[in-house]
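An overview of the molecular structure
What follows is each chain in one-letter form.
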Amino acid sequence: MNQTKDEYVKVKTSYRVLASLMCLFNVFVSLSIFVFVDFKEIDLKYLPFLLVPIVFFYICVPITFTGYPPKTLFWMLEKRP
């Protein structure tokens, strides 16, 4: 199934602003994780704290700059009439 961006409506500006705020917060969270976590004892309990900001960042950056989510999330958008 070949999907192009021209088939879909862009994300609204208000959601793009919220996505940019989430990007900013994700940067702060990622920095705080690297500052406050002791990496001498890397344990699996830290894995969610690293993966969740990375996934949010992966989703929010394309929405902020292009107005479209990553191609894996095109199913969420409505098609152009």
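Shown above is the structure to which this text applies.
Calculation rules
- Residues numbered from 1 in each chain as written.
- Predicted model: local features only at pLDDT ≥ 70, side-chain atom pairs only at ≥ 80, totals over all residues.
- Heavy atoms only, no water.
- Helix = DSSP H or I, 4+ residues; strand = E, 2+ residues; numbered from the N terminus.
- Buried < 20%, exposed > 50% of the residue type's maximum accessible area, 1.4 Å probe, protein only.
- Contact = heavy atoms within 4.5 Å.
- Expected span 1.5 Å × (residues − 1).
- Axes fitted to C-alpha atoms, helices over the stretch in contact; angles between N-to-C directions.
- Left-handed = near helix turned anticlockwise from the far one by under 90°.
- Nonpolar A, V, L, I, M, F, W, Y, C, P; charged D, E, K, R; others polar.

This part covers the side chain of Asn26. Counting through the fold element by element, Asn26 comes out in helix H1 (residues 13-36). For Asn26, a relative accessible area of 8% corresponds to the buried category. Beyond its immediate stretch of four places on either side in the chain, Asn26 contacts Pro53, Phe56 and Phe57.

Here the focus is helix H2 (residues 47-66). Counted at 1.5 Å a residue, the expected span for H2 with its 20 residues is 28 Å, and the 29 Å between its end C-alpha atoms agrees. Inspection of H2 places Pro53, Cys60, Ile63 and Thr64 among the buried residues, and these make up the whole buried set. The elements touched by buried residues of H2 are H1. Looking one or two residues beyond H2, the residue adopting positive phi is Gly67, at roughly 90°.

For the pair H1 and H2, the least separation of the axes is 8 Å and the interaxial angle reads 150°. You can see that H1 and H2 cross each other, and the crossing is left-handed. For the pair formed by H1 and H2, the contact residues are Tyr15, Arg16, Ala19, Ser20, Met22, Cys23, Asn26, Val27, Val29, Ser30, Ile33 and Phe34 on the first element and Phe49, Leu50, Pro53, Phe56, Phe57, Cys60, Val61, Ile63, Thr64, Phe65 and Thr66 on the second. Taken together, the residues of the contact of H1 with H2 sort by class into 17 nonpolar, five polar and one charged.

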